[in-house]
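Residue-level listing of the chains:
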Amino acid sequence: MDTLNQTRVTEFVFLGLTDNWVLEMLFFMAFSAIYVLTLLGNILIIIATVFTPSLHTHMYFFLSNLSFIDICHSSVTVPKMLEGLLLERKTISFDNCITQLFFLHLFACAEIFLLLIMAYDRYVAICTPLHYPNVMNMRVCVQLVFALWLGGTVHSLGQTFLTIHLPYCGPNVIDSYFCDVPLVIKLACTDTYLTGILIVSNSGTISLVCFLAVVTSYTVILVSLRKHSAEGRWKALSTCSAHFMVVALFFGPCIFIYTRPDTSFSIDKVVSVFYTVVTPLLNPFIYTLRNEEVKSAMKQLRQRQVFFMKSYT
């Protein structure tokens, strides 16, 4: 408590993406469009999953949870970034900064665990189909989702504690557009080498180990496809390739950012934009454009909407 009482910094100042006004306006329009599409795309997937009986399966249960997490993950950073693009002085209070990094890590870790669960679900469905109904029943799926939120909360609390217990009494300028643990601890008025190591051992290890586990799962799946029919191989490859694209797009930036303590690169902002803004948009596009079942569900929803509108005109 004494350390917290010594904190003098009450707000942080973001440098943002650029100091060029024209570029800021272009970024504002582009990222506003991306954010709206992210919300609409992921909401449509959730609605399609809920209201289409053919999508009431374990895979689409996890997919709808992924869409929900993507909405939350994007909403943690993008609105504040859009606000900053319109303001000359981009600031955030100390408390709001800590809140932002808490939820950033909560949703990011939840997504990591969910992608791992989805990979395991596909492994069981393709490699041991006879055991799938017993291994991955709906009760187990709900328990896994509860576990991923619990794990994300524990991880995020740990990251937040590592950040908030440090004294902040001097510089308050963050060379980014959002608060994250590696960015904030650089401003602490103390040696943060040990804290950086703990961050790598937490966030970095979770990202890397889960990624390797997912890659191993999909490798085993690809090897096992030799025993399936041509139609079965095509369906499995279509589903798994979409999943793996999401995995690569999400884990790549996480591993790049959180596996190197106390090191910054000029490309960090670009990677952060891709991780916080672009990836949540790509998920619905990847799943809808490559998945016939989801596209069919979207068409059915559109037909129902047209029928409903005609019946009331």
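Residues numbered from 1 in each chain as written. Predicted model: local features only at pLDDT ≥ 70, side-chain atom pairs only at ≥ 80, totals over all residues. Heavy atoms only, no water.

Under an unreviewed UniProt entry, the name given to the protein chain is Olfactory receptor, and the organism recorded is Piliocolobus tephrosceles.

Colleague: I'm lost on the environment of Leu 166 in this one. Help?
Modeller: Note that Leu 166 resides in the loop between α6 (138–164) and β3 (173–174). Owing to a relative accessible area of 3%, Leu 166 belongs among the buried residues under this scheme. (Helix = DSSP H or I, 4+ residues; strand = E, 2+ residues; numbered from the N terminus. Buried < 20%, exposed > 50% of the residue type's maximum accessible area, 1.4 Å probe, protein only.)

Colleague: How should the sheet that holds β3 be read in this particular structure?
Modeller: Whether parallel or antiparallel, the strands of a sheet pair through hydrogen bonds between backbone atoms. On the basis of which strands lie adjacent, the open sheet formed by three strands has the order β2-β1-β3 and mixed pairing. A single partner strand is all that each edge strand has here, and the edge strands are β2 (90–93) and β3. Bridge analysis of strand β1 (residues 11–14) against β3 gives two bridges, and the strand direction is parallel. Paired with Phe 14 across the strands is Ile 174, a residue of β3. Where helix α4 (residues 94–127) meets the sheet, its contacts fall on β1, β2 and β3, and the angle it forms with β2 comes to roughly 85 degrees. (Pairing = 2+ DSSP bridges. Contact = heavy atoms within 4.5 Å. Axes fitted to C-alpha atoms, helices over the stretch in contact; angles between N-to-C directions.)

Colleague: Whenever I open this one, the UniProt feature "transmembrane region" (unreviewed entry) in the protein chain confuses me. Can you help?
Modeller: According to UniProt, the feature "transmembrane region" (unreviewed entry) maps to residues 25–47, 98–120, 140–158, 206–225, 237–258 and 270–289 in the numbering used here. Within the segment residues 98–120, helix and strand shares are 100% and 0% respectively, and the terminal C-alpha atoms sit 33 Å apart. (UniProt positions renumbered as here; feature names shortened; annotations may be inferred.)

Colleague: Would you mind showing me how to read a nonpolar patch on the surface here?
Modeller: Taken together, Trp 21, Val 22, Leu 23, Leu 26 and Met 29 make up a surface patch of nonpolar side chains, about 540 Å² in accessible area. Locating Leu 23 in the fold gives a position in helix α2 (residues 21–51). Note on Leu 23: relative accessible area 35%, which makes it partly exposed. (Patch = residues over 30% accessible without salt bridge, like charges linked within 9 Å, V, L, I, M, F, W, Y side chains within 5 Å. Areas by Shrake-Rupley, 256 points an atom, 1.4 Å probe, with all protein chains shown as cover. Salt bridge = Lys/Arg side-chain N within 4 Å of Asp/Glu carboxyl O.)

Colleague: Whenever I open this one, the packing of aromatic side chains confuses me. Can you help?
Modeller: Aromatic rings in a pair are described by how distant their centres are and how their planes are angled relative to each other. On inspection of all chains with the given rule, the structure shows 14 aromatic pairs. Considering the side-chain rings of Tyr 177 and Phe 178, the 4.9 Å spacing of their centres and the 55 degrees angle between planes classify their relative orientation as tilted. According to the relative accessible area criterion, Phe 178 is buried, its value standing at 2%. Between Phe 250 and Phe 251, the ring centres sit 6.1 Å apart and the planes meet at 90 degrees, which makes this aromatic pair edge-to-face. The same class applies to Phe 250 as to Phe 251, namely buried. Through pairs of rings, three or more aromatic residues link up here, namely Phe 68, Phe 102, Phe 103, Phe 107 and Trp 149. (Phe/Tyr/Trp six-rings, centres within 6.5 Å; stacked < 30°, edge-to-face > 60°.)

Colleague: Looking at this structure, I do not really get helix α3 (residues 58–86). What am I missing?
Modeller: For an α-helix, the turn length of 3.6 residues means that residues three or four places apart are oriented alike. For α3, with 29 residues, the first-to-last C-alpha span of 43 Å sits near the 42 Å given by 1.5 Å per residue. Most pronounced at Ser 75, the bend in α3 amounts to some 35 degrees, and the proline Pro 79 follows within four residues. Among the 29 residues that make up α3, 22 are buried, leaving the element largely enclosed by the rest of the structure. (Expected span 1.5 Å × (residues − 1). Bend = angle between axes of the 7 residues up to and from the residue.)

Colleague: How should I be thinking about the state of the cysteines in this particular structure?
Modeller: What we call a disulfide is simply a covalent bond connecting the sulfur atoms of a pair of cysteines. This model, assessed by the stated rule, comprises two disulfides. A disulfide bridge connects Cys 97 with Cys 179, and the sulfur atoms are separated by 2.0 Å. Of note, the bridge from Cys 97 to Cys 179 carries an S-S torsion of about -120 degrees and is left-handed in sense. A residue pair is termed long-range when its members are at least 10 positions apart, and Cys 97 in helix α4 and Cys 179 in the loop between β3 and α7 (181–185) qualify at 82 residues. With relative accessibility at 0%, the residue Cys 97 sits in the buried group. For Cys 169, the disulfide goes to Cys 189, at an S-S distance of 2.2 Å. In this pair, Cys 169 is assigned in the loop between α6 and β3 and Cys 189 in the loop between α7 and α8 (193–224), connecting sequence segments 20 residues apart. Sequence-ordered numbering of the disulfide-bonded cysteines in the protein chain gives the connectivity 1-3, 2-4. (Disulfide = S-S within 2.5 Å.)

Colleague: Where do I start with the nonpolar core in this structure?
Modeller: The tendency in soluble globular proteins is for nonpolar side chains to be buried as a group. With 68 residues, the main nonpolar core has Phe 31, Phe 62, Leu 66, Met 81, Leu 115, Leu 148 and Val 277 as its most contacted residues. Counting only elements with at least two residues in this core, the list comes to α2, α3, α4, α6, α8, α9 (230–258), α10 (268–290) and α11 (292–311). Not counting the four nearest positions on each side in its chain, Phe 62 is found in contact with Leu 114, Ile 117, Met 118, Asp 121, Met 136, Cys 141, Leu 144 and Val 145. Core analysis: the second largest hydrophobic core is formed by 19 residues, Phe 12, Ile 92, Cys 179 and Ile 199 among them. (Core = buried A, V, L, I, M, F, W, Y, C linked by side-chain atoms within 4.5 Å.)

Colleague: Help me understand α8 in this model?
Modeller: When the terminal C-alpha atoms of α8 are compared, their 45 Å separation across 32 residues agrees well with the 46 Å that a helix rising 1.5 Å per residue should span. Along its length, α8 shows its largest kink, about 35 degrees, at Thr 205.

Colleague: What should I look at first to understand the side chain of His 73 in this one?
Modeller: Tracing the sequence through the fold places His 73 in helix α3. Look at His 73 and you get buried, because its relative accessible area is 0%.

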